[in-house]
Amino acid sequence: MANVKRSPWILHYDGSSCNGCDIEVLASMTPVYDAERLGVENTGDPMQADIFLITGGINSQTAPVVKQLYDQMPRPKVVVAVGICACTGGVFKDAYNIRGGADTVIPVDIYVPGCAARPQAIIDGIIRARELFQKRSEEHDALMKEKKRERRQA
Amino acid sequence: MTVIEPVQKFEDVQKGDLLITVMRKRQEGLRLVQICCAVVNNQYEVLYSFTDDDTYVLTNVRVMVGLNDTIPSICDSYPYANYYENEMAEMFGLKIEMIDGDYHGKFYRIDAEEPFLNEKAKEARALEAEEIRKAAEEAANMPEPEIKVVKKEGGVE
Amino acid sequence: MGIQSVIPFGPQHPVLPEPIHLDLVVEDEVVKEAIPNIGFIHRGLEGLAEKRDFNEMVYVAERTCGICSFGHGMGYCEAVEKVMNVEVPERAKYLRTIWMEFSRVHSHLLWLGLTADAFGFESLFYECWRIREHVLDVMEATTGGRIIFSVNQIGGVHRDLNEDQIRFLKGELDQIEKDLKNCEKTLFGDMTVQKRTRGIGVLTKEEVHDLGAAGPFARASGLKYDMRMTGYEAYGKLDFEPIISEEGDCYARILVRTKEIFQSIQLIRQALDQLPAGDLNVPVKGMPKGEALVRIEQPRGEAIYYVNAENSRFLNRFRIRTPTFANLPGLCKMLQGANYADVGILVVSIDPCISCTER
């Protein structure tokens, strides 16, 4: 594991899920599995969140909500689709009201399959998200420095 | 008090008797537990289920409704029936009038139009609507009956 | 007169585990009216009954809701078994009862944790969910799954409990009971819990009857109605009474659900002692034809399963009436006249399972 440089916060939202993956996400944050020891914290505010954990498929009611939450999160951000329903639509793929997985609305970086996804898999997804977030925020920092230099020279 | 396997009663009523039957159930103190709709033989079968809180007996009232007919809402007797009725109206296209709190087909706001009504039933409904329209036209175009006034000679008849 | 404003609550909110949208008409911090807007979790799984073989529909029915998963699978199987006149063996009935009661324990512990989180008691939230992990260890050891079990099939169950598992189960039950007794002192004795829940969201017995509410929500207001008294599966041979309270406020609901956890632990112990030997399932031949209505007691209340079949592999109609659908009118009534600060705890006190409601 890389040096600890960042402490990303998690925003968890349930798209059109059966709630199984959501309670496993919450179970990963509580004692016994305890993802919070990695420094991630479950926040309710999208403007303070860095990692977006989305569960469940997408229907036409949920799509604008998910898009708005994604847009409200500041860059850099990472999206993790938890559970098979968020990856592809799952067992409800041919139900009349489900469009598909989370990638029909927002770009997804990490897919965690399972029905319901086990806490061990979710923590694995969070660790990879953390590393990806670290990489992206370093790129973002470099970009900001470059822009500042250009502005000073101009 | 344990009631092992309580009785389930089924009553078949006509559309016209629906409201009075439901009012009687309300009078007896029964609680509405569900309203379910199914498409059987190109007709809507609407099942109203009531339960008795003390004896756990389930009374089911079944109404067969044509695909183009309208049934009244039972919201006067049971105000919370509007959720069930909105759902049926949106999913099956069942026409219910006078719902208290009508969402006008936007309860679940789904994309599909009447998803539980399959193609066969939709065709049957269109055919029935056509027949009803033709019958109404013929009735409108029929000539008016002649009224003859007969005067009787002398005295009252 | 104050100015009225409409404040949207949800679908994304820190206190809500699932998306539901309520338009709250608020005047001077007091809620005048609440209009629910649902449809975020509607997947249309009842429509999948026309595309899936009736044997495979169990897996879809189970995924209606992750918390009440076992109950949905069991209710679907019971309804189809009633249509096809299949008699489930005694051992399978007892096993279903044991797993159903474990499902009830895990659901109530989950709810206790979320309620504590709703009024800010984070340490109690963590403690309840830690105790719940014991239940999930038992489910994983006996069925292979933590949340979705998939042990029900039409005709019985397809997993058994052996001696080692039963010993492990009994040990875990003792541990859960001991841990929960420690929590009980905090739940019922702490001043902050009392201040946040006593006298909030009161509904009388007549109101609850007129609104058609079900489950612990109705039992906390004095309505004595528990579907387990009708003796389906193995409940007819177990000895218990429904737990009711007369006050009808949020504190009464916490009391009823906590006492139900202890009652469920007793029921599991009784069922384990009476567990008969025998087959796990019976073979099922042919197609279902006819209709049936089955009612069971889910952790949130009475759930009704209606199946209509016409001699084909695919069912004509499969419908679930879930308890939260019946409790929604009660929520809207409770929110009228409530303080805006109490909205979070009132919404959580009906134990909302929106994925059950919308299917």
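About the criteria used
Residues numbered from 1 in each chain as written. Chains lettered and ligands numbered in written order. Predicted model: local features only at pLDDT ≥ 70, side-chain atom pairs only at ≥ 80, totals over all residues. Heavy atoms only, no water. Helix = DSSP H or I, 4+ residues; strand = E, 2+ residues; numbered from the N terminus. Rg over C-alpha atoms; globule rule 2.2 N^0.38 Å. Buried < 20%, exposed > 50% of the residue type's maximum accessible area, 1.4 Å probe, protein only. Contact = heavy atoms within 4.5 Å. Buried area = accessible area lost by both parts, 1.4 Å probe. Salt bridge = Lys/Arg side-chain N within 4 Å of Asp/Glu carboxyl O. Polar contact = N/O pair within 3.5 Å; in protein donor to acceptor, adjacent residues only side chain to side chain. Phe/Tyr/Trp six-rings, centres within 6.5 Å; stacked < 30°, edge-to-face > 60°. pLDDT = per-residue confidence, 0-100. Axes fitted to C-alpha atoms, helices over the stretch in contact; angles between N-to-C directions. Parallel < 35°, antiparallel > 145°, perpendicular 65-115°, else oblique. Left-handed = near helix turned anticlockwise from the far one by under 90°. Nonpolar A, V, L, I, M, F, W, Y, C, P; charged D, E, K, R; others polar. Patch = residues over 30% accessible without salt bridge, like charges linked within 9 Å, V, L, I, M, F, W, Y side chains within 5 Å. Areas by Shrake-Rupley, 256 points an atom, 1.4 Å probe, with all protein chains shown as cover. Core = buried A, V, L, I, M, F, W, Y, C linked by side-chain atoms within 4.5 Å. Pairing = 2+ DSSP bridges. Expected span 1.5 Å × (residues − 1). Lys, Arg positive; Asp, Glu negative; His and termini not counted. Charge placed at Lys NZ, Arg CZ, Asp CG, Glu CD.

Could you give me a rundown of the overall build of chain C, with the residues and numbers involved?
Assigned secondary structure in chain C consists of twelve helices and eight strands. Over its C-alpha trace chain C gives a radius of gyration of 21 Å, about what one expects of a compact globule, namely 21 Å for 359 residues. Across its three principal directions, the C-alpha atoms of chain C cover 70 × 45 × 35 Å. Put simply, chain C has 359 residues, and 69% of those count as buried.

Break down the interface of chain B and chain C for me, citing the residues and quoting the values.
The partner chain C presents 46 residues to the 42 residues of chain B that form the contact. Together chain B and chain C conceal approximately 3600 Å² of surface at their shared face, both sides included; 52% is due to carbon and sulfur atoms. A per-residue breakdown of the area chain B buries against chain C is headed by Arg31, Tyr56 and Tyr108 of chain B, which together make up 19% of the total. Between Arg26 of chain B and Asp210 of chain C there is a salt bridge whose closest N-O contact spans 3.6 Å. Along the contact surface separating chain B from chain C lie 15 residue pairs in polar contact (both at pLDDT 80 or more).

Describe the packing of aromatic side chains, with residues and values.
Residues and elements named next belong to chain B. Applying the stated rule across the entire model yields 13 aromatic pairs over all chains. Relative to Tyr78, the ring of Phe50 has its centre 5.5 Å away and its plane inclined at 40 degrees; by these criteria the two rings are tilted. Of this pair, Phe50 sits in strand β3 (residues 43-51) while Tyr78 is found in the loop between β5 (70-72) and α2 (82-92), placing the two residues 28 residues apart along the sequence. Overall, Phe50 belongs to the buried group, its relative accessible area being 0%. In this structure Tyr78 comes out as buried when scored by relative accessible area, which is 1%.

Describe the interface of chain B and chain A, naming the residues involved and giving the relevant values.
Contacts between chain B and chain A engage eight residues on the former and five residues on the latter. Interface area, chain B with chain A, both sides summed: about 520 Å², of which 45% is carbon and sulfur. For the pair chain B and chain A, the interface holds zero salt bridges.

Could you give me a rundown of the confidence of the model for chain C, with the residues and numbers involved?
Mean pLDDT over chain C stands at 88; residues scoring 70 or higher make up 100%. Under the prediction, the complex receives an ipTM of 0.86, its pTM being 0.89.

Can you explain the packing of helix α5 (residues 163-189) of chain C against helix α9 (residues 250-274) of chain C? Please cite residues and give values.
All names here are of chain C. Viewed as axis vectors pointing N to C, α5 and α9 meet at an angle of 160 degrees, and their least axial separation amounts to 11 Å. Accordingly, the angle class assigned to the pair α5 and α9 is roughly antiparallel. Crossing geometry of α5 relative to α9 is assigned as left-handed. Residues Ile166, Leu169, Lys170, Leu173, Asp174, Ile176, Glu177, Leu180, Lys181, Glu184, Leu187 and Phe188 of α5 lie in contact with α9, whose contacting residues are Tyr251, Ile254, Leu255, Thr258, Ile261, Phe262, Ile265, Gln266, Ile268, Arg269, Leu272 and Asp273. For the contact of α5 with α9, a count of residues per class yields 15 nonpolar, two polar and seven charged.

Give me the lowdown on a nonpolar patch on the surface, citing residues and values where you can.
Residues Leu19, Ile20 and Met23 of chain B make up a contiguous nonpolar surface patch of about 250 Å² in total accessible area. Within the secondary structure, Leu19 of chain B is located in helix α1 (residues 18-27).

Residue-level account of the side chain of Ser245 of chain C, with values.
Residue and element names in this part refer to chain C. With respect to the helices and strands, the residue Ser245 is situated in the loop between α8 (216-219) and α9. For Ser245, a relative accessible area of 7% translates into the label buried. Discounting residues that sit within four places of it in the chain, Ser245 has contacts with Arg219, Ala220, Ser221, Gly222, Ala252 and Val256.

Outline the environment of Asp54 of chain B, listing residues and values.
Residue and element names in this part refer to chain B. Structurally, the position occupied by Asp54 is in the loop between β3 and β4 (58-65). For Asp54, a relative accessible area of 59% gives the class exposed. Sequence-wise, Asp54 and Leu30 are 24 residues apart; in three dimensions their C-alpha atoms are separated by 9.7 Å.

I'd like a description of the nonpolar core, backed by residues and values.
By size, the foremost hydrophobic cluster in this structure holds 216 residues, and its most contacted members are Phe52 of chain A, Tyr44 and Tyr48 of chain B together with Tyr76 and Phe318 of chain C. For this core, the element with the highest residue contribution is helix α3 (residues 90-118) of chain C, accounting for 15 residues.

Can you break down the sheet that holds strand β7 (residues 301-310) of chain C residue by residue, with the values?
All names here are of chain C. Pairing is antiparallel across the open sheet formed by three strands, whose spatial order is β6-β7-β8. Lying at the two open borders of the sheet, with one neighbouring strand each, are β6 (289-298) and β8 (317-321). For this sheet the average axis-to-axis angle between neighbouring strands, irrespective of direction, equals 10 degrees. Bridging between β6 and β7 involves ten bridges; their strand directions are antiparallel. In the sheet register, Arg295 faces β7, and the bridge partner there is Ile304. Helix α10 (residues 323-335) rests against β6, β7 and β8 of the sheet, and its axis sits at about 130 degrees to β7.

Hey, could you go over the environment of Cys18 of chain A for me, with residue numbers and the actual values?
Looking at where Cys18 of chain A falls in the secondary structure, it is placed in the loop between β1 (10-14) and α1 (20-29). Of the residues examined, Cys18 of chain A reaches a relative accessible area of 13% and is grouped as buried. Each C-alpha atom of the pair Cys18 of chain A and Tyr111 of chain A lies 18 Å from the other, and the pair is 93 residues apart in sequence. Those residues in contact with Cys18 of chain A that lie beyond four places of it in its chain are Arg43, Arg63, Thr64, Cys65, Gly66 and Ser355 of chain C.

Break down helix α2 (residues 69-84) of chain C for me, citing the residues and quoting the values.
Residues and elements named next belong to chain C. Look at α2: 23 Å from first C-alpha to last across 16 residues, which is about the 22 Å you get at 1.5 Å a residue. When you tally the buried positions in α2, you get 15 out of 16 residues, the bulk of the element. Asn85 occupies a position one or two residues after α2 and carries a positive phi of about 55 degrees.

Pulling in residues and values, what's your account of the side chain of Asn308 of chain C?
Tracing the chain through its elements places Asn308 of chain C in strand β7. Beyond its immediate chain neighbours, meaning those up to four positions away, Asn308 of chain C contacts Ala38, Val40 and Glu45 of chain B together with Gly290, Glu291, Leu315, Asn316 and Arg317 of chain C.

Give me a positive patch on the surface: which residues, what numbers.
Residues Arg75, Lys145, Lys147, Lys148, Arg151 and Arg152 of chain A make up a contiguous surface patch of positive charge. On the accessibility criterion, Arg151 of chain A (62% relative accessible area) is exposed.

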